[in-house]
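Close look at the chain arrangement
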Amino acid sequence: MTDLTIIPAVNHTPEPVFVARHLINGKWQASANGETFERASPAHGQTVTEAALGGAAETEAAIAAAREAFDDGRWSRISGKERAEILLKVAAFIERDLDRIAMRDTLESGKPISQARDEIGGAIDIWRFAASLARTVSGDSHNSLGDDMLGLVLKEPVGVAALIAPWNFPFLIVSQKLPFALAAGCTAVVKPSELTPSSAVILGELLMEAGIPDGVVNIVLGYGDPVGTTMCESESVDMVSFTGSTAVGKAIVRASAGTLKKVSLELGGKNPQVVFPDCDLDEATDAIVFGVYFNAGECCNSGSRIIVHEDIAEALTERVVALSKKVPFGDPLDPRTKVGAIISDAHFDKIDSYVSGARSDGAAIPLGGGALAVPGLSGRFYTPTVVTNVNSTMAVAREEVFGPVLSVLTFKTIEEAIALANGAAYGLSAGVWSNDVSTCLAFARRVQAGTVWTNTWMDGFSELPFGGVKQSGLGRELGRYGLEEYLEVKTVTMRIGRTRASWVE
Ligand code: NAD
């Protein structure tokens, strides 16, 4: 008898298998050699998708289409207003088809359906925000260079952008890239993860329905090698925007070096939340539980590392363990479920090896560890897991577990807390819990992270930039910085009179 909260299988008529094809130059295409791959629901076991398996030939054709579409100006040289109108139409179509898109993300990723709906809702807002930015692309003018000179700084689209996405937020992450690339005037080749190809394909349908010119957005389905590698190595691609693991991010930098293309990376994290004794412990507990179990911990922003003052460590751990038991884990198709299935067997084993490694390193495990049985489902679920007595040298404290596993470390002084927080190779996000604004600000100013949350966790807005420092990435998405990523700067220096002597008299 478990004291966890488990949502058993729901009675659900199986959805038809989604047939996904590449979108190349405005046409849906199978692979030239007819090869396909399948995706099964990680929660339910049955095949949900049959997708064309892209090779170098499809990738090169997609890149060539994007190159031609960029160079002939069918998108790059129309007005920002015209681009915005299409992006707004896409947003409206996503809103219309929200349930269909959310269902595909849930079936392929194992995430809860209610969360998938929220993510698509967030994506709609991003498309609208990016549409508003399409009309703001502007540079500078320099009118103080002397009477006979005028300087202009133009912003231009970078060119052909290769957008490579992971499986953990399939539609949302493509939506953190594509509308900004399009708003800037770039053309794109999109590669969704091989584990979650369908929602990007639906997005392609909606883009065509909205009237995006052929070749402006191309989608190639398949694996990192050869689809992603071909994109990175291609001379015809000007920029790669990648979200995924730090290891693959480094491979992308190496593969892009031959052509010195611009690279933007959103990578992993080992995000600390530092908890001071003067905080609201109930609020902190709720946010910690949310931060570690959201998306089954398969989240770059997972608050997987708690650094708590030793005076309140026991009280906080007790509360976290008690609240963890109330979080509904189970069938992602039940709208009550908050934590669904783990993406793959290999990933399940990786999570479990971190927990067993921590146990053999001397850590305590007051909750969880191992598989969670969900009645009626054959899929793989991991128990909510809390690991205590963790020290900063253990792998579970330093590396990205990417599962529902919380590591608890303790501190005595703020100096020690900041040193622990900054002790990881990553620098994506960090949090601080204290009712003293000076403590929050001192932490926010000294922690090495792209985002800092004070007395909250994981709030995101289309307006606010997101990205990492150190080995969590390069560049930013969202906000106006998200547009700047896809813009190049060109200086135009104009002589508008002659007050100076010629070089040769
Ligand atoms: P992954 O790195 O394995 O794969 C990501 C994408 O890259 C997939 O589309 C994959 O096919 C492709 N790819 C794989 N090898 C490639 C190669 N050599 N060249 C080009 N493309 C290649 O990551 P994942 O397992 O899909 O996602 C999980 C990781 O993503 C985690 O580390 C997580 O922290 C990170 N992530 C980061 C953010 C962020 O914004 N910082 C957001 C979500 C996920």
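As the structure is a computational prediction, the values presented were derived from the model and not from experiment.

In this structure, the amide linkage connecting aspartate 225 to the following residue, proline 226, adopts the cis form with an omega of 20°. Relative to the helices and strands, proline 226 is located in helix 7 (residues 224–233). The phi dihedral of leucine 260 is positive, around 50°, even though this residue is not glycine. The backbone of asparagine 389 shows a phi angle near 55°, a positive value even though the residue is not glycine. Tracing the sequence through the fold places asparagine 389 in the loop between strand 18 (385–388) and helix 12 (395–398). The exposure class of asparagine 389 is exposed, given its relative accessible area of 55%.

Think of a sheet as strands paired side by side through backbone hydrogen bonds, with each pair either parallel or antiparallel. Strand order in the open sheet formed by three strands is 7-8-23, with antiparallel pairing between adjacent strands. If you trace the sheet from one side to the other, it starts and ends with strand 7 (140–142) and strand 23 (487–495), each paired once. The sheet shows a mean angle of 20° between the axes of neighbouring strands, taken without regard to direction. Bridge count between strand 7 and strand 8 (residues 149–157): three bridges; the pairing is antiparallel. The residue of strand 8 that forms the bridge with histidine 142 is glycine 151.

On to the sheet that holds strand 2 (residues 18–20). Taken in spatial order, the three strands line up as 2-6-5 in an open sheet, and their pairing is mixed. Here the strands that pair on one side only, and so sit at the sheet edges, are strand 2 and strand 5 (36–40). Strand-to-strand twist of the sheet, defined as the mean angle between neighbouring strand axes without regard to direction, takes the value 20°. Where strand 5 lies against strand 6 (residues 47–52), five bridges are found, and the strand directions are antiparallel. Bridging across to strand 6, alanine 40 finds its partner in threonine 47. Packed on one face of the sheet, helix 3 (residues 98–109) meets strand 2, strand 5 and strand 6 and runs near 100° to strand 6.

Counting 134 residues, the largest nonpolar core has Ile94, Trp127, Leu178, Leu182 and Val275 as its most contacted members. The biggest single contributor to this core is helix 4 (residues 113–134), with 12 residues. When residues of this core are assigned to domains, at least three map to each of domain 1 (13–267 + 472–490) and domain 2 (272–454). With residues near it in sequence (within four places) discarded, valine 275 still touches Ala284, Ile288, Ile306, Ile307, Val308, His309, Ile312, Leu316, Phe411 and Trp433. Formed by 21 residues, the second largest nonpolar core is a distinct cluster that contains Ile164, Val220, Ala255 and Leu265.

Across all of its chains, the model carries 23 salt bridges by this definition. In this structure, arginine 96 and aspartate 97 form a salt bridge, with 2.9 Å as the shortest nitrogen-oxygen distance. Looking at arginine 96, the relative accessible area reads 47%, which means it is partly exposed. Among the ionic pairs, lysine 155 bridges to glutamate 484, the shortest N-O distance being 3.0 Å. Here glutamate 484 lies in helix 15 (residues 479–484) and lysine 155 lies in strand 8, a separation of 329 residues in the sequence. Overall, the relative accessible area of 23% leaves lysine 155 in the partly exposed class. Bridged by salt links that share partners, the residues Arg96, Asp97, Arg100, Glu205 and Glu209 form one connected network.

Rules used throughout
- Residues numbered from 1 in each chain as written.
- Predicted model: local features only at pLDDT ≥ 70, side-chain atom pairs only at ≥ 80, totals over all residues.
- Heavy atoms only, no water.
- Helix = DSSP H or I, 4+ residues; strand = E, 2+ residues; numbered from the N terminus.
- Buried < 20%, exposed > 50% of the residue type's maximum accessible area, 1.4 Å probe, protein only.
- Pairing = 2+ DSSP bridges.
- Axes fitted to C-alpha atoms, helices over the stretch in contact; angles between N-to-C directions.
- Contact = heavy atoms within 4.5 Å.
- Core = buried A, V, L, I, M, F, W, Y, C linked by side-chain atoms within 4.5 Å.
- Domains from an automatic or database assignment.
- Salt bridge = Lys/Arg side-chain N within 4 Å of Asp/Glu carboxyl O.

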